[in-house]
Amino acid sequence: MIEVRKLRKAYGGGALAQTVLHDVDLSVRSGEVLMLVGPSGSGKTTLLSILGCVLTPSGGSVQLAGHELMGVPEASLPMMRLRYIGFIFQSHNLLPSLSALDNVRLPLLLRGWSSGRATAESTELLESVGLRDKLVCLPSQLSGGQAQRVAIARALAGRPPIILADEPTAALDAHTGQGVMETLTRLAHEGGHTVVVVTHDNRIFKFGDRIVRIEDGRITEDTAHANA
Ligand SMILES: Nc1ncnc2c1ncn2[C@@H]1O[C@H](COP(=O)(O)OP(=O)(O)O)[C@@H](O)[C@H]1O
Ligand SMILES: [Mg+2]
């Protein structure tokens, strides 16, 4: 589902160019949950942003579902993102004036879904993350864990093949973070989504099928998880 070959990313140009990803190779299968770990500044967010069609690569090849990203004009990235990617952020990033239901509905309406179909799909997704009774709640009326589960439902809306999460449990206590990861990995495995989670939180490493470590823009370790 994700095929990265000799990926290079540099910020800036000319004499000031700084290469932050060097010849990164990475394949992630459909239905696989990959934990991407490494020290601060190692390039995790940059890599996730390229996979998420937010940043363009500087060199090499990146294929999402067989679709090459290298050379795609920046103006086309939002369409690619809408088609292939669901994002989960460190803080839930829900729109504060919209109910849980409307937060999940929005990306479907952007994809051109009818209102009725978007409501039915969003309701089903919120049920699947255990929030059937919170549909009309505003984000401010939800706990941190509940809000993050709405964010999971939103990322899954439209069933994009790839789900990317940058430190999704960083703002949560350990117990709540585990619950959020359980929900995410269960839905990923059920729906065959490919999931990449950036995390520092070693208590959630166990939810990954695989752990990939990145240091100074290079992959230094790639281990299948023993509990699989
Ligand atoms: N927009 C940017 N412009 C220039 N340098 C950047 C930018 N974003 C990140 N960097 C640099 O790229 C390197 C990797 O950053 P990042 O991908 O955010 O790492 P991580 O998420 O692992 O902490 C760091 O040295 C950082 O300073
Ligand atoms: Mg980061």
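Residues numbered from 1 in each chain as written. Chains lettered and ligands numbered in written order. Predicted model: local features only at pLDDT ≥ 70, side-chain atom pairs only at ≥ 80, totals over all residues. Heavy atoms only, no water.

### Observations concerning helix 1 (residues 44–51)
Here is step 1 of the chain: With seven of eight residues buried, helix 1 is to be regarded as a mostly interior element.
Here is step 2 of the chain: Looking at helix 1, one finds that the buried residues are Lys44, Thr46, Leu47, Leu48, Ser49, Ile50 and Leu51.
Here is step 3 of the chain: One or two positions beyond helix 1, positive phi appears at cysteine 53, with a value near 60°. (Buried < 20%, exposed > 50% of the residue type's maximum accessible area, 1.4 Å probe, protein only. Helix = DSSP H or I, 4+ residues; strand = E, 2+ residues; numbered from the N terminus.)

### Some remarks on the packing of aromatic side chains
Here is step 1 of the chain: Within the structure shown, the criterion is met by one aromatic pair.
Here is step 2 of the chain: With centroids separated by 5.4 Å and ring planes inclined at 15°, the aromatic side chains of phenylalanine 87 and phenylalanine 89 adopt a geometry described as stacked.
Here is step 3 of the chain: Residue phenylalanine 87 is classed as buried on the basis of its relative accessible area, which comes to 18%. (Phe/Tyr/Trp six-rings, centres within 6.5 Å; stacked < 30°, edge-to-face > 60°.)

### Some details on the site of ligand 1
Here is step 1 of the chain: In the vicinity of ligand 1, the residues found are Tyr11, Gln18, Val20, Pro39, Ser40, Gly41, Ser42, Gly43, Lys44, Thr45 and Thr46.
Here is step 2 of the chain: Contact distances for ligand 1 include 3.1 Å between an oxygen atom and a backbone N or O atom of glycine 43.
Here is step 3 of the chain: Note that an oxygen atom of ligand 1 is positioned 2.6 Å from one of the side-chain N or O atoms of threonine 46.
Here is step 4 of the chain: When residues of the shell around ligand 1 are traced back to their parent elements, those giving at least two are strand 2 (18–28) and helix 1.
Here is step 5 of the chain: Per-class residue counts for the shell around ligand 1 are three nonpolar, seven polar and one charged. (Near = heavy atom within 4 Å. Polar contact = N/O pair within 3.5 Å; in protein donor to acceptor, adjacent residues only side chain to side chain. Nonpolar A, V, L, I, M, F, W, Y, C, P; charged D, E, K, R; others polar.)

### With respect to the pairing of strand 2
Here is step 1 of the chain: The pairing of strand 1 (residues 2–11) with strand 2 spans seven bridges and is classified as antiparallel. Following the sheet pairing, glutamate 3 is matched in strand 2 by serine 27.
Here is step 2 of the chain: Between the antiparallel neighbours strand 1 and strand 2 lie six residues, among them glycine 12 with a positive phi of about 80°. (Pairing = 2+ DSSP bridges.)

### Points about the sheet that holds strand 2
Here is step 1 of the chain: With antiparallel pairing, four strands are arranged side by side in an open sheet as 2-1-4-5. Strands with a single pairing partner mark the edges of an open sheet, and in this sheet they are strand 2 and strand 5 (67–68).
Here is step 2 of the chain: In this structure, strand 4 (residues 59–64) lies alongside strand 5, joined through two bridges in antiparallel fashion. Following the sheet pairing, glutamine 63 is matched in strand 5 by glutamate 68.
Here is step 3 of the chain: With respect to the sheet, helix 1 is in contact with strand 1, strand 2 and strand 4, its orientation differing from that of strand 1 by roughly 120°. (Contact = heavy atoms within 4.5 Å. Axes fitted to C-alpha atoms, helices over the stretch in contact; angles between N-to-C directions.)

### Topic: the side chain of arginine 105
Here is step 1 of the chain: Among the secondary structure elements, arginine 105 is positioned in helix 3 (residues 100–110).
Here is step 2 of the chain: The exposure class of arginine 105 is buried, given its relative accessible area of 13%.
Here is step 3 of the chain: In this structure, arginine 105 is in contact with Ser115, Ala118, Thr119 and Ser122, ignoring residues within four places of it in sequence.

### Digging into the environment of aspartate 209
Here is step 1 of the chain: Here aspartate 209 lies in the loop between strand 8 (194–198) and strand 9 (210–215).
Here is step 2 of the chain: Sequence separation between aspartate 209 and aspartate 173 is 36 residues; the distance between their C-alpha atoms is 23 Å.
Here is step 3 of the chain: In this view, aspartate 209 contacts Gly31, Glu32, Val33, His189, Thr223, Ala224 and His225; residues no more than four positions away in its chain are not counted.
Here is step 4 of the chain: Here the side chain of aspartate 209 touches histidine 189 through a polar contact of 3.1 Å, side chain to side chain.

### Section: the pairing of strand 8
Here is step 1 of the chain: In terms of residue burial, strand 8 counts as a mostly covered element, since five of its five residues are buried.
Here is step 2 of the chain: On strand 8, burial covers both faces: Thr194, Val196 and Val198 on one face and Val195 and Val197 on the other are all buried.
Here is step 3 of the chain: As defined by bridge partners, strand 3 (residues 33–37) adjoins strand 8 across four bridges and the pair is classed as parallel. When the bridges of strand 8 are listed, methionine 35 appears paired with valine 197.
Here is step 4 of the chain: Two elements, strand 7 (residues 162–166) and strand 8, share five bridges in a ladder whose sense is parallel. Opposite alanine 165, over in strand 8, you have valine 197 as the bridge partner.

By themselves these figures say nothing about function.
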